Amino acid sequence: MADETNSNSVQCPVCFKDFTPGTINGHLDTCLLSSAADSPSTAVESGPPVKKVRVSEPVNDSVSSSSSAMPGTQSSSSVFSLFQANKGKLDAQSDRSAMFTGKRSPVSALSKGTKRILTEAVSGSAGIETPCVPNSEAEKNINHLPARTLLSLNKPLAEVLRPNTLEDYFGQNKVVGQQTLIRSLLESQEIPSLILWGPPGCGKTTLAHIIASTSKRKGSARFVTLSATSASVNEVREVIKQAQNELRLCKRKTILFIDEIHRFNKSQQDTFLPHVECGTITLIGATTENPSFQVNAALLSRCRVLVLEKLSVEAMGSILNRAVAALGIQVQGQDPTNSSYRDKTSSYEPTIYIEQKALDTIAYLCDGDARTGLNSLQLAVQAQMKSAQPNQSTPHGFPQEIVVTEDHIKEGLQRSHILYDKAGEEHYNCISALHKSMRGSHENASLYWLGRMLEGGEDPLYVARRLVRFASEDVGLADPSALTQAVSAFQACHFIGMPECEVILAQCAVYLARAPKSIEIYKAYGNVKACLRNHKGPLPPVPLHLRNAPTRLMKQLGYAKGYKYNPEFRGPVEQQYLPEELR
């Protein structure tokens, strides 16, 4: 039989029949379902595969004899472990229940053949194979849930409404828009290894979720999720081992998504190198930090970096409109003609309205963070539904109308959500912008970037130290009092701290922006450093007449001989101060 099969065919590990790589996955589901539902007598009559023998069960003589009578066949128990890690535990529990009830539960029998969309533990619970629901069915289920149900799922709204298709993925048209290379690759399931780099809430995890949903729906790849904040190297190696088995037996690739990949150190990131290189896994890493500094250069060369931008106000508006439609909330001033709104509103549920200004406020104040925007909407709606006064005229005691206003949104946000990381790239971006704005004598821009840093939680003493440096580097001798101003500002900030010292820093920043600029000192000292670094051979000695001579021996050796003491002369003194080689 093996001589007649095509070299590209794949043998089923359960029934030992040959199939093409495109049909083996679908056959495995059917084969496992039928073998699990068969009775012991059926298994004896049909021959291999032999039913898995467990310690808790008595061995059937007929089964053992039939299996021993067929040389060349093998038990399917060694194959099952490749696909389902907890298979033995589930079967043992069902068998124990069967011993007492006398029959096997149909649910447990059917679950053996169900497609593997359940959580797949990898040495614990850190690695999971994400479940996939067809997009149309998932959207249908969400759209038919009332607002109170969606808001009480004990999950953030951003997680509940996470899109499953690129059509509902807004704000990243430069990366995955129409006619882009990456979108074409994603639609054809030719997914390369990717590093998704962007600020929080821009859609990194959502893009990975869309890839997972598409892969599961088409059956083209297996998708596994790990978080670098909790996963260990052993868990990564276990996933890679399963990926090798999956590729060898089923010809199916494995996509490994690592969230917060920058949390892995360089040696831990080296674990991925050979397996990404040979194609065992397709790596998708998400990070908020600059991958040039946080991701191993060797791993970076094997992946394509996708830079996801902060979401625009227009993109946030589209995301919020989609959320409002899913929740069945009516925007004031708009005609409630959509079917989803009619389905979600009934006499048993309160009618929820939201002002258009409230949605615009979220879009502007969330600073391009979709997670913050959606969760702020959820918080505002939940608060109004909780605080609404009961009305006895309705069956469940809720008023017929609940209105979410702009004030409710502002109360929940309190202040603008400012993206600023004191230890990350945004820290250096903002201080660079402040420095260059003062150098360009732009007072308003200097105050703006100073405010971005202070309101984002920056240490005021750090800013004050940078102002001291600027006073000497960029102002210099053009206004020597600038250094005094900067040092005084630093001391004042040290004395009184925030928030009172913010005005002191603002005064110093405006003074330095208005001051005349000179980089003579900065360039001159740069030339000195270049001279010392580029000097060939030993450095020249200090001339004898410039040396100090505190002892008699040093005077006898010629130290300080011929030195002219300048205060003793009325006019300029001709004297050499540089080494002979530098004249």
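Quantities reported herein were computed from a predicted structural model and do not represent experimental measurements.

### Notes on the overall build of the protein chain
Helix and strand content of the protein chain: 29 helices and eleven strands. In the protein chain, which comprises 583 residues, the share counted as buried stands at 42%. Across the protein chain, the fraction of contacts at a sequence separation of at least 24, relative to all contacts at a separation of at least 6, is 70%. Taken as a whole, the protein chain presents about 32400 Å² of accessible surface, with 54% of it coming from carbon and sulfur.

### A look at the nonpolar core
Grouped together as the largest cluster of nonpolar side chains are 32 residues, with contacts concentrated most on Met316, Leu320, Ile354 and Leu377. Listing elements by their share of this core, those giving two or more residues are α9 (157–160), α18 (313–327), β10 (351–354), α20 (356–365), α21 (370–387), β11 (401–404) and α22 (406–413). It is α18 that contributes the most residues to this core, eight residues altogether. In contact with Ile354, other than residues within four places in its own chain, are Ile329, Gln330, Val331, Gln332, Leu359, Leu377 and Val404. Counting 26 residues, the second-largest nonpolar core is a separate cluster that includes Val463, Ala482, Ala489 and Cys508.

### Description of the packing of α18 against α21
Relative to each other, α18 and α21 sit at 35 degrees, their axes nearing to 10 Å. Handedness of the α18/α21 crossing: right-handed. Contact residues: α18 offers Met316, Ile319, Leu320, Ala323 and Val324, while α21 offers Ala370, Gly373, Leu374 and Leu377.

### Looking at the UniProt feature "coiled-coil region" (unreviewed entry) in the protein chain
The UniProt record marks residues 226–253 with the feature "coiled-coil region" (unreviewed entry), using the residue numbering of this structure. Secondary structure across residues 226–253 divides into 64% helix and 11% strand, with the first and last C-alpha atoms of the span separated by 17 Å.

### Points about the pattern of salt bridges
Inspection of every chain in the model, using the stated rule, returns 13 salt bridges. The salt bridge involving Arg252 is made with Glu246; its shortest N-O contact spans 2.6 Å. Grouping residues by exposure puts Arg252 and Glu246 together as buried. Its salt-bridge partner being Arg469, residue Glu473 comes within 2.8 Å of it at the nearest N-O pair. Linking Glu473 with Arg469, this pair stays in helix α25 (residues 460–475), spanning four residues, or about one helical turn. One network of salt bridges, in which partners are shared, links Arg439, Arg469, Glu473 and Asp474.

### Observations concerning α18
Helix length check: α18 (15 residues) gives 21 Å between terminal C-alpha atoms against 21 Å at 1.5 Å per residue, within 8%. Those residues of α18 lying buried are Ala315, Met316, Ile319, Leu320, Arg322, Ala323, Val324, Ala326 and Leu327. Where α18 terminates, the next one or two residues include Gly328, which has phi positive at roughly 75 degrees.

### Some words on the packing of aromatic side chains
Applying the stated criterion across every chain, the model contains three aromatic pairs. On the numbers, 6.1 Å between centres and 40 degrees between planes, the contact of Phe264 with Phe272 is tilted.

### A look at the sheet that holds β10
Read across the sheet, three strands follow the order β9-β10-β11 without closing on themselves; strand pairing throughout is parallel. Unpaired on one side and paired on the other, β9 (330–331) and β11 mark the two borders of the sheet. Sheet topology places β9 next to β10; two bridges connect them, and they run parallel. Note on β10: the bridge partner recorded for Gln330 is Tyr353. Taken strand by strand, α20 contacts β9, β10 and β11, and its axis lies near 60 degrees from that of β10.

### A look at the pairing of strand β7 (residues 281–287)
Buried residues dominate β7, accounting for seven of its seven residues. Side chains of β7 alternate between two faces, with Ile281, Leu283, Gly285 and Thr287 and Thr282, Ile284 and Ala286 buried alike. For strand β4 (residues 194–197) and β7, the ladder comprises four bridges, and the chain directions are parallel. Bridge pairing links Leu196 to Ala286 in β7.

### Let's talk about the environment of Pro460
By the element assignment, Pro460 lies in helix α25. A sequence separation of ten residues divides Pro460 from Leu450, and the C-alpha atoms of the two residues are 9.7 Å apart. Sequence-distant contacts of Pro460, that is, excluding residues within four places in its chain, are made with Leu454, Met498, Cys501 and Leu505.

### Topic: unusual backbone geometry
With an omega dihedral of 5 degrees, the bond running from Met498 to Pro499 counts as a cis peptide bond. Locating Pro499 in the fold gives a position in the loop between α26 (481–496) and α27 (502–514). A positive phi angle, near 55 degrees, is found at Lys251, a position not held by glycine. In this fold, Lys251 is placed in the loop between α13 (233–250) and β6 (253–259). Looking at Lys251, the relative accessible area reads 48%, which means it is partly exposed.

### Brief notes about the pairing of β11
A one-sided burial pattern is seen for β11, the buried positions being Ile402 and Val404 and the unburied ones Glu401 and Val403. Examined bridge by bridge, β10 and β11 share four bridges and lie parallel to one another. Along β11, the bridge assignment pairs Ile352 with Ile402.

Calculation criteria
Residues numbered from 1 in each chain as written. Predicted model: local features only at pLDDT ≥ 70, side-chain atom pairs only at ≥ 80, totals over all residues. Heavy atoms only, no water. Helix = DSSP H or I, 4+ residues; strand = E, 2+ residues; numbered from the N terminus. Buried < 20%, exposed > 50% of the residue type's maximum accessible area, 1.4 Å probe, protein only. Contact = heavy atoms within 4.5 Å. Areas by Shrake-Rupley, 256 points an atom, 1.4 Å probe, with all protein chains shown as cover. Core = buried A, V, L, I, M, F, W, Y, C linked by side-chain atoms within 4.5 Å. Axes fitted to C-alpha atoms, helices over the stretch in contact; angles between N-to-C directions. Left-handed = near helix turned anticlockwise from the far one by under 90°. UniProt positions renumbered as here; feature names shortened; annotations may be inferred. Salt bridge = Lys/Arg side-chain N within 4 Å of Asp/Glu carboxyl O. Expected span 1.5 Å × (residues − 1). Phe/Tyr/Trp six-rings, centres within 6.5 Å; stacked < 30°, edge-to-face > 60°. Pairing = 2+ DSSP bridges.

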